[in-house]
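In case you want the letters, here they are:
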Amino acid sequence: MKTPNPINQTSRSTSTLAFRPATLITLFLVIGSSLFNFRAAANQVLLFHDAGFFFGVPSHYQTALDNRGYTYQLFTDGFSFHQAVQSADPASDVVVIDALADFYDFSSVSAFVQAGGRALLQYWNLAGDSALATAFQVSVAQHLTWSEFVHAWGGSDFFDHVGRPLTTLPVEVNVHGQKLQPLGGAQAVAGYVSGSSADQAALVIGNSGRTIAQGFYLEEVELAEEAIQFARNQLDFLFGPIAPDSGPWIISDPQPQTILAGFSATLHVQAGGSQPLSYQWQKDGTDIVGATNAAYDISNAQIEQTGLYSVTVSNLLGTASSGAGLFTITHPAPIGSVLLMVDDGTFASPYEETLIALGLPYQKYTDPSAFNTAVASADPVRTLVILDAYASYWRYGELVPFVRTGGRALMQNWDLVAGTRLAEAFKVSIGERNSVILDVHDWGGSKFFAGVVTPLDLGPLLPNPSVHGQKLEPIGDGVAVGGYVVNPTANQAALILGNSGHTIVNGFMLEEVVSATERSRFAQNQILHFFPLRFEPVVLDGTTLTLRWTTIPFQEYQVQFKESPTAPAWSDLGLPITALNTTASTTDTISGADQRIYLFPA
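Each value, and the rule that gives it
Residues numbered from 1 in each chain as written. Predicted model: local features only at pLDDT ≥ 70, side-chain atom pairs only at ≥ 80, totals over all residues. Heavy atoms only, no water. Helix = DSSP H or I, 4+ residues; strand = E, 2+ residues; numbered from the N terminus. Buried < 20%, exposed > 50% of the residue type's maximum accessible area, 1.4 Å probe, protein only. Areas by Shrake-Rupley, 256 points an atom, 1.4 Å probe, with all protein chains shown as cover. Salt bridge = Lys/Arg side-chain N within 4 Å of Asp/Glu carboxyl O. pLDDT = per-residue confidence, 0-100. Contact = heavy atoms within 4.5 Å. Polar contact = N/O pair within 3.5 Å; in protein donor to acceptor, adjacent residues only side chain to side chain. Pairing = 2+ DSSP bridges. Axes fitted to C-alpha atoms, helices over the stretch in contact; angles between N-to-C directions. Phe/Tyr/Trp six-rings, centres within 6.5 Å; stacked < 30°, edge-to-face > 60°. Right-handed = clockwise from strand over helix to strand, strands pointing away.

## Considerations on the overall build of the chain
Link 1 in the chain: In terms of helices and strands, the chain carries eleven helices and 38 strands.
Link 2 in the chain: Counting every position in the chain, which comprises 602 residues, the buried fraction comes to 55%.
Link 3 in the chain: Here the chain has roughly 24,200 Å² of accessible surface; of this, 52% comes from carbon and sulfur atoms.

So this is what it looks like as structure tokens:
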């Protein structure tokens, strides 16, 4: 469907580009409580991880160790790990357990901790009255049969640069951790409810700060970058400051970023050295007033903020300067690629059928892991992501930074979890899940219903799922443009436009629309929302005017013109043009014309 787009000879510019958020970073941690003391640097780390056997992915602790540059030995065999811990030095070594199965002999770890060793335990089947639980100064109140959000209770810096609460989503395991209770002098620093409560702890620091017992599954944290950051914070706490009374040094420079105008980003520096450290950010070598933290936030970024950003770190013993990272702000560009995730092969995706009908090239994914990898490396400026997801146990965390940096995305995630970073990124909250099928009414504010009989008539899928979408409510700048009742009503929305039109969330199953014609037209209207017809700046050479505009490849376009706004009729400018790429052009001879106005007819 072609959208009218009248312009005069001074048409709008449509140039662009976008960014990947830099890896989140933190400083070496110094805990304020007198309970925790400085510790010697770790000689070696013994890391046990068995979930790779089940999920084929590295431990987040392994990734954090790699990022920090710590030396470690990785064990996937319980017996070899047991032998290594038996010969470890409690005074200088650190033990990290990231274990899923419940049949390992960790008696050597209990002895290691009792001898003064430092250790971190993420053991998802910890027995409540075992010697291991006693060594880490915890009891197990209850096993979790479903993942739960993790709230900060204070007393640690584990939540620095991560969400509060930590959003977790289930994976396919039968136990999702434990609700803990600290014993002896141990301290609960996070839990499954918002405030400190008995038998609700998720994180316990014990043995005067030498041990951490984790009662949740870090691999279930929605955003991998937050999970890795959390692991870094824990490891930094266990290892302690390694260079007291030293001048500052730069561990990680500010990373280059590109962001769309109007969006927000944060620049980070990672530094070490004796506390306290002070910071001063510079843009193009000039100090930025008030930018005196390890992170520098830029909100509602504008083109003039493009530049080289660096930071000077100081303490009483000296000064260190970071390298400069190029921070670029730009405008949206035409979409160059489409990533489509379809996780249910039982039913044809209406979005895939529409992409084919429109002649738009796309990459299709049926594996969430491969899809997340593709989204993580996608250019948010030139990529459209379409998520057509049915299953409830997959996570699509890479969509969060993609959307936050201006990426355009359409999400039909039929089990979107309320309160997650993903829901927040798409500007929606969820009132309740639909247990019955509800028709969808047009509330205005979009062209999604153009040429579509309303309300959209929905019928059951076979086999009939237990969830038929969600009743939504927009948050932030989100706008509800369709719903399950006739008029706009709180917590009854079925369609949300968010992020200044960069995102769409369907709260219903488009596959359940009874009419194939209506289903296809609606999917087409949504996809074409991200491919608006836009004229680029005209080029005038004498009396020849060259018009160029964004296109959908292989679609036909007819440009029309008239001499003034009051002229009675539009005239075709030449013959229709079939686009071969993402732009097309035509010329017009304008000698003798004071002005001309151009458009694409609907």
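## Considering the pattern of salt bridges
Link 1 in the chain: Counted by the stated rule, this structure contains five salt bridges.
Link 2 in the chain: A salt bridge links E148 to K179; the nearest nitrogen and oxygen atoms lie 4.0 Å apart. Linking E148 in the loop between β5 (138-143) and β6 (151-152) with K179 in strand β7 (residues 178-182), this pair joins segments that are 31 residues apart in sequence.
Link 3 in the chain: Here E148 falls in the partly exposed class, since its relative accessible area comes to 28%.
Link 4 in the chain: Between E226 and R421 there is a salt bridge whose closest N-O contact spans 3.4 Å. You can see E226 sitting in helix α6 (residues 224-239) and its partner R421 sitting in helix α10 (residues 421-425), a full 195 residues away along the chain.

## Brief notes about the confidence of the model for the chain
Link 1 in the chain: Averaged over all residues, the pLDDT of the chain is 82; the fraction at 70 or higher stands at 86%.
Link 2 in the chain: A low-confidence stretch, residues 1-40 stays under pLDDT 50, and its non-local contacts, those more than four residues away or across chains, total 158 contacts.

## Focus on unusual backbone geometry
Link 1 in the chain: Note that the residue after R164, namely P165, is joined by a cis bond; omega there is -5°.
Link 2 in the chain: Mapped onto the elements of the fold, P165 is located in the loop between β6 and β7.
Link 3 in the chain: Along the chain, T454 connects to P455 via a cis peptide bond; the corresponding omega equals -5°.
Link 4 in the chain: Tracing the backbone shows P455 in the loop between β26 (441-442) and β27 (470-474).
Link 5 in the chain: Its identity as a non-glycine residue notwithstanding, H161 has a phi of 65°, on the positive side.
Link 6 in the chain: Locating H161 in the fold gives a position in the loop between β6 and β7.
Link 7 in the chain: With a relative accessible area of 33%, H161 lands in the partly exposed category.

## Let's talk about the environment of R210
Link 1 in the chain: Within the secondary structure layout, R210 lies in the loop between β9 (201-206) and β10 (211-214).
Link 2 in the chain: For R210, the side chain forms a polar contact with the main-chain oxygen of G116, separated by 3.4 Å.

## A look at the sheet that holds strand β38 (residues 597-599)
Strand pairing in a sheet relies on backbone hydrogen bonds, with the paired strands running either antiparallel or parallel.
Link 1 in the chain: If you walk across this open sheet you meet the three strands as β35-β34-β38, and the pairing is antiparallel. Where the open sheet ends on each side, the last strands, each with one partner, are β35 (571-572) and β38.
Link 2 in the chain: With three bridges connecting them, strand β34 (residues 560-562) and β38 associate as antiparallel partners. The partner of Q560 across the bridge, within β38, is L599.

## With respect to the sheet that holds strand β32 (residues 544-550)
Link 1 in the chain: On the basis of which strands lie adjacent, the open sheet formed by three strands has the order β31-β32-β37 and antiparallel pairing. Only two strands of the sheet have a single partner each, and these edge strands are β31 (539-541) and β37 (583-589). Averaged over all pairs of adjacent strands, the angle between their axes in this sheet comes to 20°, without regard to strand direction.

## Focus: the packing of aromatic side chains
Link 1 in the chain: A complete count under the given rule lists 20 aromatic pairs for this structure.
Link 2 in the chain: Between F106 and Y123, the ring centres sit 5.2 Å apart and the planes meet at 85°, which makes this aromatic pair edge-to-face. Of this pair, F106 sits in the loop between β3 (93-99) and α4 (107-114) while Y123 sits in strand β4 (residues 118-123), and the two are 17 residues apart along the sequence.
Link 3 in the chain: By relative accessible area, which is 6% here, Y123 ends up buried.
Link 4 in the chain: Each residue in the set F48, F75, F81, Y104, F106 and Y123 is aromatic and connected to the rest through ring pairs, giving one cluster.

## What to know about the pairing of β3
Link 1 in the chain: Most of β3 sits inside the fold, with seven of its seven residues counted as buried.
Link 2 in the chain: A two-sided burial pattern is seen for β3, the buried positions comprising D93, V95, I97 and A99 on one face and V94, V96 and D98 on the other.
Link 3 in the chain: Here strand β1 (residues 44-49) runs beside β3; their pairing, made up of six bridges, is parallel. Residue pairing across strands places H49 opposite D98, the latter belonging to β3.
Link 4 in the chain: For β3 and β4, the ladder comprises six bridges, and the chain directions are parallel. From the neighbouring strand, A99 faces β4, where its bridge partner is Y123.
Link 5 in the chain: You can see the chain leave β3, run along α4 and come back into β4, and the turn it takes is right-handed.

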